[in-house]
Amino acid sequence: MAIKYIPFYLVAFLGGVMCRSFFDTPLYIVLALFGATISFYIFSIIFHNDLFNKTNKSQILFFVSLFFLFGLIRLSIFEKNIVVDKLHNFYNQSISLRGTVLSEELKPNSQRIMVSTDLGKTLVVTNVYPRYQYGDIISFSGIVKEPEQYGDYDTKKILSRDNIYSEIIFPEITQIKQSPPSKILYYLFAIRIAFERNIQLILPEPHASLASGMLLGDGSGLDKETTESFRKSGTIHILVLSGYNITIVGIFIMAILSFVFPQSIAWVGSVLAILLFTAMTGTQAPAVRSAIMAIIGLVALKSGRKNFAWSSLLWAAFLMIMWNPMTLRWDRGFQLSFLATLGLIVVSPVLNKKLSFLPSAFGIRESGIATLSAQLFVLPLLLSWGSEVSILSPLANILIVGIVPLVMFFSFVGGIFAFVGVFAGKLTASVSYILISFQIYIANTISAIPMTSITFSGLPNILLIFIYMLLFYWSAKHYISEQKNA
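In this report, the structure presented in the accompanying data block is examined. (Residues numbered from 1 in each chain as written. Predicted model: local features only at pLDDT ≥ 70, side-chain atom pairs only at ≥ 80, totals over all residues. Heavy atoms only, no water.)

## What about the overall build of the protein chain?
Part 1: From N to C terminus, the protein chain includes 18 helices and 8 strands.
Part 2: Residue burial in the protein chain is summarised as follows: out of 486 residues, 49% are buried.
Part 3: Long-range pairs, those at least 24 residues apart, make up 75% of the contacts in the protein chain between residues at least 6 apart in sequence.
Part 4: Accessible area of the protein chain: about 23,500 Å², with a carbon and sulfur share of 66%. (Helix = DSSP H or I, 4+ residues; strand = E, 2+ residues; numbered from the N terminus. Buried < 20%, exposed > 50% of the residue type's maximum accessible area, 1.4 Å probe, protein only. Contact = heavy atoms within 4.5 Å. Areas by Shrake-Rupley, 256 points an atom, 1.4 Å probe, with all protein chains shown as cover.)

See below:
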């Protein structure tokens, strides 16, 4: 198995997982195909030794097939985790439970908490107050429900990603005590909560919710009118925590530091800033995945070792999906992170030559190149989610997304300074206030222009697959060209 072909095998694994997510193939059939493939390989080596020599395309095809089937198997096995869960046996029954809060998410009219019990994990939807946090031990009673699908939003699959197969809506809850499973996570979550409060102290609404959305992926406090404006303008994706947003901020920080320090120190500084940012979000899985993708993106842009960036991206995706294969299709943050990082690796070198006329001061050129490179690869995915979108959405993305790194940078620094003093935080975040006001103005203006909005249910899956096959084909050609020139 030649090392240079390993990226193609990793892609085959990802393809197998994705294919299995659409087609419910019985595990025994996949295992039979897997065993038949290996048996054929062994038989061919014994009786036709020249069939699978080191340079033979047959060997490449064999390993591609093997990794593809392995992807099918991995997702099939993960879906068997429901056997361990006991709560799904109590659907539509009233039950009393005791468990530990693992995470919480605030919505405009409710609070969603993930609770671990002796019978398995469950999603509890309750009132906004009192607020629960990581480590709270609670006693609650209510009716166990099977998660419902809302339109195209497959709640059941999304929750099963975290091994959750049930939900309990507005149960009676009694908080017993605090006993976090991990002291480190407890303090990290406490820092995140304090940081969110700082954002609310230094920025008014809806600016605070928009800043929290861009920084932490939590825009739940945003009012419906503003949310609808960003949705119609096609820029609601800025509120999804992804490696794309973090990469842009890392580039901006690196550009600023490069004015004072050598490039190598500036690069290290930007990576440390990303790690600090990840810690501030409570080191939740989406933030960790996004940080990994962001660092790979920085490697792609600055190291000049494109093959290393290619391999790092695919290995990172392989290990993440190997750990939790549901992530590939049912985690929008991962999808945005992966595609944006791939765009940075493939497209940025081309745009770097085409956009050499842009000023390099304050990271304008690098941020612009990174934004356009990532947008090329994420745009089909964003369109596939569907909604009412303005035909001026591309313009909105250029104007709104283009200043996201500045908003994130000054909001993050302002939130940090607020630990020292609220005035210092407000002074720094005043830049964010102006920039966010501009974003809101653009979103409101473009979404309000008559005769420019179109409503669609999203790109058909077959068209989306075709588009990304073309993009991946171009990426593969780029990788092969780099290999030949290496």
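Back to the text.
## Side note on the pattern of salt bridges
Part 1: If you walk through the whole model with that rule in mind, you get 10 salt bridges.
Part 2: The partner of Asp 162 in a salt bridge is Arg 161, with the nearest N and O atoms 4.0 Å apart.
Part 3: Look at Asp 162 and you get partly exposed, because its relative accessible area is 27%.
Part 4: The buried category is assigned to Arg 161, whose relative accessible area is 18%.
Part 5: The residue Arg 161 makes a salt bridge to Asp 331 at a minimum N-O spacing of 3.9 Å. With Arg 161 in the loop between helix H4 (155–160) and strand E5 (164–169) and Asp 331 in the loop between helix H12 (327–330) and helix H13 (332–354), this residue pair connects regions lying 170 residues apart in the sequence.
Part 6: Each of Arg 20, Asp 24, Glu 79 and Lys 157 takes part in a single network of salt bridges with overlapping partners. (Salt bridge = Lys/Arg side-chain N within 4 Å of Asp/Glu carboxyl O.)

## Regarding the nonpolar core
Part 1: The biggest cluster of nonpolar side chains holds 48 residues, and the ones touching the most others in it are Ile 199, Leu 203, Leu 210, Met 214, Leu 215, Ile 238 and Ile 436.
Part 2: With 7 residues, the single largest contributor to this core is helix H17 (residues 422–448).
Part 3: Residues within four places of Ile 436 in sequence aside, it is in contact with Leu 203, His 207, Leu 210, Ala 211, Met 214 and Val 407. (Core = buried A, V, L, I, M, F, W, Y, C linked by side-chain atoms within 4.5 Å.)

## Some words on the side chain of Ser 110
Part 1: Locating Ser 110 in the fold gives a position in the loop between strand E1 (94–106) and strand E2 (111–117).
Part 2: The exposure class of Ser 110 is buried, given its relative accessible area of 13%.
Part 3: The contact partners of Ser 110, leaving out residues within four places of it in the chain, are Glu 105, Val 125, Thr 126, Val 128 and Phe 170.

## Description of the side chain of Thr 227
Part 1: Residue position: Thr 227 is located in helix H7 (residues 224–232).
Part 2: Among all residues touching Thr 227, those that are not within four sequence positions of it are Leu 222 and Ile 236.

## Details of the pairing of E5
Part 1: Most of E5 is tucked away: 5 of the 6 residues are buried.
Part 2: Relative to E5, strand E3 (residues 120–126) runs parallel, the two sharing 4 bridges. Note that in E5 the partner of Lys 121 across the bridge is Ile 164.
Part 3: Across 2 bridges, the pairing between strand E4 (residues 136–145) and E5 is antiparallel. (Pairing = 2+ DSSP bridges.)

## Concerning unusual backbone geometry
Part 1: Pro 130 follows Tyr 129 through a cis peptide bond whose omega is 0°.
Part 2: By the secondary structure assignment, Pro 130 is in the loop between E3 and E4.
Part 3: Backbone torsion omega between Glu 205 and Pro 206 reads 5°, so that peptide bond is classified as cis.
Part 4: For Pro 206, the position within the fold is in the loop between helix H5 (183–202) and helix H6 (207–216).
Part 5: At Asn 92, a residue that is not glycine, the phi angle is positive and equals roughly 65°.
Part 6: Take Asn 92: it is sitting in the loop between helix H3 (57–78) and E1.

## So, the packing of aromatic side chains
Part 1: Scanning the entire structure with this criterion turns up 10 aromatic pairs.
Part 2: Relative to Phe 63, the ring of Phe 62 has its centre 4.9 Å away and its plane inclined at 70°; by these criteria the two rings are edge-to-face. Take Phe 62 and Phe 63: they sit in the same class, and that class is buried.
Part 3: Centre to centre, the rings of Phe 195 and Phe 412 are 5.8 Å apart; their planes meet at 55°, and the pair counts as tilted. Residue Phe 195 is found in helix H5, and its partner Phe 412 is found in helix H16 (residues 404–417); the two are separated by 217 residues along the sequence.
Part 4: Each member of the aromatic cluster is reached from another via a ring pair, and the members are Tyr 9, Phe 62, Phe 63 and Phe 67.
Part 5: Positioned above the aromatic ring of Phe 22, the side-chain terminus of Arg 329 is 3.9 Å from the ring centre. (Phe/Tyr/Trp six-rings, centres within 6.5 Å; stacked < 30°, edge-to-face > 60°. Lys NZ or Arg CZ within 6 Å of the ring centre and 35° of its normal.)

## Thoughts on the pairing of E1
Part 1: In terms of strand pairing, E1 meets E4 through 7 bridges, oriented antiparallel. The residue of E4 that forms the bridge with Ser 96 is Ser 141.
Part 2: Examined bridge by bridge, E1 and E2 share 7 bridges and lie antiparallel to one another. From the neighbouring strand, Ser 103 faces E2, where its bridge partner is Met 114.
Part 3: The antiparallel hairpin formed by E1 and E2 contains 4 residues in its connecting segment.

## Some words on the environment of Phe 417
Part 1: With respect to the helices, strands and loops of the structure, Phe 417 is situated in helix H16.
Part 2: Given the relative accessible area of 37%, Phe 417 is considered partly exposed.
Part 3: For the pair formed by Phe 417 and Thr 428, sequence separation is 11 residues and the distance between their alpha carbons is 7.9 Å.
Part 4: Setting aside residues no more than four positions away along its own chain, Phe 417 makes contact with Ala 424, Gly 425 and Thr 428.

None of the figures reported here should be taken as evidence of function without further support.
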